[in-house]
Amino acid sequence: MSFMEEATRRRWTELTGGHSVTANKDVWKPYHAHVERRNRVAHGIEWGDADGGRAALSSWISAGAFIRELDATMVAVDRRTADS
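Please read all numbers here as calculations on a predicted model, not as lab measurements. (Residues numbered from 1 in each chain as written. Predicted model: local features only at pLDDT ≥ 70, side-chain atom pairs only at ≥ 80, totals over all residues. Heavy atoms only, no water.)

Caption draft 1: Layout of the overall build of the protein. Scanning the protein from N- to C-terminus turns up three helices and zero strands. Taken over the C-alpha trace, the protein has a radius of gyration of 15 Å; the compact-globule value for 84 residues is 12 Å, which it surpasses by more than 25%. The principal-axis extent of the C-alpha atoms belonging to the protein is close to 50 × 25 × 20 Å. Evaluated residue by residue, the protein yields a buried proportion of 26% over its 84 residues. (Helix = DSSP H or I, 4+ residues; strand = E, 2+ residues; numbered from the N terminus. Rg over C-alpha atoms; globule rule 2.2 N^0.38 Å. Buried < 20%, exposed > 50% of the residue type's maximum accessible area, 1.4 Å probe, protein only.)

Shown next, in the form of structure tokens:
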């Protein structure tokens, strides 16, 4: 299961009552680039710290921002569920 797959994103939107992980482009675009970069590194196409680690750090920060958005969404879902 990957948020890079449309079916996963649709399921997330259903489960969260409408949150789209791609709606906030300031988070989604860097996350998308992070996953593409991670895949290049994992498959040996690119070296992870060729620029002294700057791109790796930026990629890691982007992943963290995406995870924070998912966490915030889950908190909101939990609160709605508790209130109903």
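Caption draft 2: Region of interest: helix α2 (residues 25–42). Look at α2: 25 Å from first C-alpha to last across 18 residues, which is about the 26 Å you get at 1.5 Å a residue. For α2, the full list of buried residues reads Val27, Trp28, Tyr31, His34, Val35 and Arg37. On its buried face, α2 is in contact with α1 (6–15) and α3 (54–83). At the N-terminal end of α2, a side-chain oxygen is found 3.1 Å from the backbone nitrogen of Asp26, two or three residues along, and the residue is Asn24. The positive-phi residue at the C-terminal boundary of α2 is Gly44, with phi of around 75°. (Expected span 1.5 Å × (residues − 1). Contact = heavy atoms within 4.5 Å. Polar contact = N/O pair within 3.5 Å; in protein donor to acceptor, adjacent residues only side chain to side chain.)

Caption draft 3: Spotlight on the pattern of salt bridges. Counted according to the given criterion, the structure contains four salt bridges. Note that Arg37 is salt-bridged to Glu46, the shortest N-O span being 3.2 Å. Note that Glu46 is salt-bridged to Arg40, the shortest N-O span being 2.8 Å. (Salt bridge = Lys/Arg side-chain N within 4 Å of Asp/Glu carboxyl O.)

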